[in-house]
Amino acid sequence: MALMHQFRIEGGIVTYKSRFLKSDCYKENVENNRIVVSEFGTLAMPDPCKNFFQRFLSRFERQSKNTAYTDNASVSFVQYKGDYYVSTETNFMHKIDPQTLETKEKVDWSKFIAINGATAHPHTDPDGTTYNMGNSYNSKGASYNIIRVPPEKSGPNDTLEGATVICTIPSGDRTKPSYYHSFAISENYVVFIEQPIRIDLLKIVTGKMRGKGISDGVYWDPEKTTVFHVINKHNGKPSPIKYYATPFSTFHQINCYEENGFLIMDMCCSDDGNAINNFLIQNLRKSGEALDEVYNTICRTFPRRFVLPLIVGNNTPCELNLNTRQESTATAIKTGKNKVYCTHEDLHGDDLQEYGGLEFPQINYTKYNTHPYRYFYACGFRHLVGDSLIKTDLQDKHMKIWQQPGYYPSEPVFVPSPNAVEEDDGVILSVVITPNKDKSTFLLVLDAKDFEELGRAEVPVNIPYGFHGAFQAGI
Ligand SMILES: [Fe+2]
């Protein structure tokens, strides 16, 4: 169940509080004292107190009375029109009070636009306009939609009023659309990466009868290529050019920007898309050699850069590398009408192997998202969860590292210094947890420039491993 955490730093004092999100499925599960609403990897099972035949029959009933889809928004804090929400990937979000962590109203995307869910990673333009993506399903199959939410409220109780779908892209395989966790924006474009992690809609529909969770219908198809769709933010038109790459999976984008007719896209990539199933509870409960065995089969995630030429016409020659930027080894070759095949540049040196690759990338988002930039921050993954913090300098691909044995830091959140001029003038915040009973969980503060520790605030409680955090000044 989604548990929200808050560290409040004020006048040299740090206070901590946490609250469960009071979602409908939280309330129903508490009422029934068991899981009655299915989650991504957890199928709500019939009441174990029933006898075998009653349990067989109840497989065909809905386990939850009120909740068809989970509203357990456990992935991230997001903002629309200046208000905070917590989000997962279904059509439900919850507005929350960022001061008290109280749960406010439940918001259903499908009441505003014809979509059946939205990612937990929207992007925001400097004027507050927010973009997201969500799938829709009709008798013809699945489609991907680009969503725009206006920056201004029209009334005090406004949520997603005024949201529009600016572009709809039919899935190449209508019953097996691509799974996407996020997408990228540049100044003028939205970039959707159609990756070979697929959702088998039939398997999900029949999953309950087979006793399987939603995750059983999500699979990696290495026979499929990866396709970049570039959509004009202003008029919603998709570029006729499709950019292709070898099969890879990506969960989090680092940054994306336009420069001299090229779109530079940086993201965390893995050559295998089976990562989702590594985090099944059966694996997380393992220890020692058995856990090492799981970890050793996981394909690592590394930061990569793709350079997409935006100007490709009928007269553009085939078989030539269209990436004329000297500073990147990425390639882009026209292979046919409206088709460009891309290879990447590694955004790391060999030394990243030692830290297990990286994930949970963060940048100085407010000032540098959609702009040329130099630094990004992430977690190194020598375990099933992150065990180091990494700062990468893209100029020379050198890294700075924070790590301490037995400690597992969360996604690094960059907070700029007031009146900062330099990109990395600020601090990194990370929640560091440990399974060691003699040690404490703490909020770590690093100087973002040299990665030296500025301080830590220990809390005498266990905090579960989390996904994404947010910083807000002056609330
Ligand atoms: Fe995420």
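Draft legend 1. How the structure looks around the pattern of salt bridges. If you walk through the whole model with that rule in mind, you get 21 salt bridges. Ionic pairing is found between D266 and R305, a salt bridge with its closest N-O pair at 2.8 Å. Of this pair, D266 sits in strand 18 (residues 262–270) while R305 sits in strand 19 (residues 302–309), and the two are 39 residues apart along the sequence. One salt bridge connects K449 with D424, and the closest N-O pair in it is separated by 3.2 Å. With a gap of 25 residues between them, K449 in the loop between strand 30 (441–447) and strand 31 (453–459) and D424 in the loop between strand 28 (413–416) and strand 29 (426–433) connect regions that are remote in the sequence.

Draft legend 2. Structural context of the sheet that holds strand 10 (residues 164–170). Reading across from one edge, 7-8-9-10 is the order of the four strands in this open sheet, with antiparallel pairing throughout. The two strands at the open ends of the sheet, each matched to only one other strand, are strand 7 (123–124) and strand 10. Of the pairings in the sheet, the one linking strand 7 to strand 8 (residues 130–138) comprises two bridges and is antiparallel in character. Bridged to H123 within strand 8 is Y131.

Draft legend 3. Summary view of the nonpolar core. Ranked by internal contacts, the top residues of the largest apolar core, which has 21 residues, are F228, M265 and F306. Breaking this core down by element, the ones donating at least two residues are strand 12 (189–194), strand 15 (226–232), strand 16 (242–245), strand 18, strand 19 and strand 21 (339–343). Examining the composition of this core, we find that four residues originate from one element, strand 18, more than from any other. Residues F262, C268, Y355 and L358 belong to the second largest nonpolar core, which totals 20 residues.

Draft legend 4. Fine view of the coordination of the iron ion. Those donors, H121 (NE2), H181 (NE2), H252 (NE2) and H468 (NE2), are the protein atoms that reach the iron ion, and they lie 2.0 to 2.1 Å from it. Note that the iron ion binds four donor atoms; their angles at the metal cover 92 to 157 degrees, and the shape is irregular. Written as a sequence motif, the donor residues of the iron ion are H-x59-H-x70-H-x215-H. Of the two residues, H181 is situated in the loop between strand 10 and strand 11 (184–185) and H252 in strand 17 (residues 249–259); the sequence distance between them amounts to 71 residues. Here H181 and H252 have matching classes, each one buried.

Draft legend 5. The packing of aromatic side chains, seen in detail. All told, the structure shown has 16 aromatic pairs when counted by the stated rule. Taking the centre distance of 5.9 Å and the plane angle of 75 degrees together, the rings of Y144 and Y180 count as edge-to-face. Placement of Y144 in strand 9 (residues 141–149) and of Y180 in the loop between strand 10 and strand 11 is noted, with a sequence separation of 36 residues between them. Accessibility expressed as a relative area gives 7% for Y180, which makes it buried. Between the aromatic rings of Y407 and F442, the centroid separation amounts to 5.3 Å while the plane-to-plane angle is 70 degrees, which identifies the pairing as edge-to-face. Remark: F442 occurs in strand 30 and Y407 occurs in the loop between strand 26 (398–402) and strand 27 (408–409); sequence separation between them is 35 residues. Here Y407 matches F442 in class, with each residue buried. Through successive ring pairs, a cluster of aromatic residues spans Y80, Y85 and W109. The positively charged end of R300 is found above the aromatic ring belonging to Y295, 4.0 Å away from the centroid. Across the ring face of Y375, the terminal group of K391 is positioned such that the distance to the ring centre comes to 4.4 Å.

Draft legend 6. Representation of a nonpolar patch on the surface within the structure. A contiguous nonpolar patch, built from M1, F20 and I35 and spanning about 240 Å² of accessible area, is present on the exposed surface. As for its placement among the helices and strands, I35 is situated in the loop between helix 1 (24–32) and helix 2 (52–58).

Draft legend 7. Inspection of the sheet that holds strand 4 (residues 83–87) at higher detail. With respect to topology, four strands assemble into an open sheet ordered 3-4-5-6, the strand pairing being antiparallel. Each of the sheet's edge strands pairs with one partner strand only, and the pair in question is strand 3 (76–80) and strand 6 (103–108). Across the sheet, the axes of successive neighbouring strands diverge by a mean angle of 35 degrees, strand direction being ignored. In this sheet, strand 5 (residues 92–96) lies alongside strand 4 in antiparallel orientation, the contact comprising three bridges. The residue bridging Y85 from the neighbouring strand is K95, located in strand 5.

Draft legend 8. Fine view of a negative patch on the surface. Side chains of D346, D350, D351 and E354 sit close together on the surface and give a patch of like negative charge. Inspection of the secondary structure assignment puts D350 in the loop between strand 22 (345–346) and strand 23 (358–362).

Draft legend 9. Structural detail: the pairing of strand 31. Across six bridges, strand 30 lies against strand 31 in antiparallel orientation. From the neighbouring strand, L444 faces strand 31, where its bridge partner is R456. Linking strand 30 to strand 31, which pair antiparallel, is a turn of five residues; within it F451 sits at a positive phi near 65 degrees.

Rules used throughout
- Residues numbered from 1 in each chain as written.
- Predicted model: local features only at pLDDT ≥ 70, side-chain atom pairs only at ≥ 80, totals over all residues.
- Heavy atoms only, no water.
- Salt bridge = Lys/Arg side-chain N within 4 Å of Asp/Glu carboxyl O.
- Helix = DSSP H or I, 4+ residues; strand = E, 2+ residues; numbered from the N terminus.
- Pairing = 2+ DSSP bridges.
- Core = buried A, V, L, I, M, F, W, Y, C linked by side-chain atoms within 4.5 Å.
- Buried < 20%, exposed > 50% of the residue type's maximum accessible area, 1.4 Å probe, protein only.
- Donors = N, O, S within 2.8 Å, 3.2 Å for Na, K, Ca; no water.
- Tetrahedral: all angles 85-135°; square planar, octahedral: opposite > 155°, others 65-115°.
- Phe/Tyr/Trp six-rings, centres within 6.5 Å; stacked < 30°, edge-to-face > 60°.
- Lys NZ or Arg CZ within 6 Å of the ring centre and 35° of its normal.
- Patch = residues over 30% accessible without salt bridge, like charges linked within 9 Å, V, L, I, M, F, W, Y side chains within 5 Å.
- Areas by Shrake-Rupley, 256 points an atom, 1.4 Å probe, with all protein chains shown as cover.
- Axes fitted to C-alpha atoms, helices over the stretch in contact; angles between N-to-C directions.
- Lys, Arg positive; Asp, Glu negative; His and termini not counted.
- Charge placed at Lys NZ, Arg CZ, Asp CG, Glu CD.

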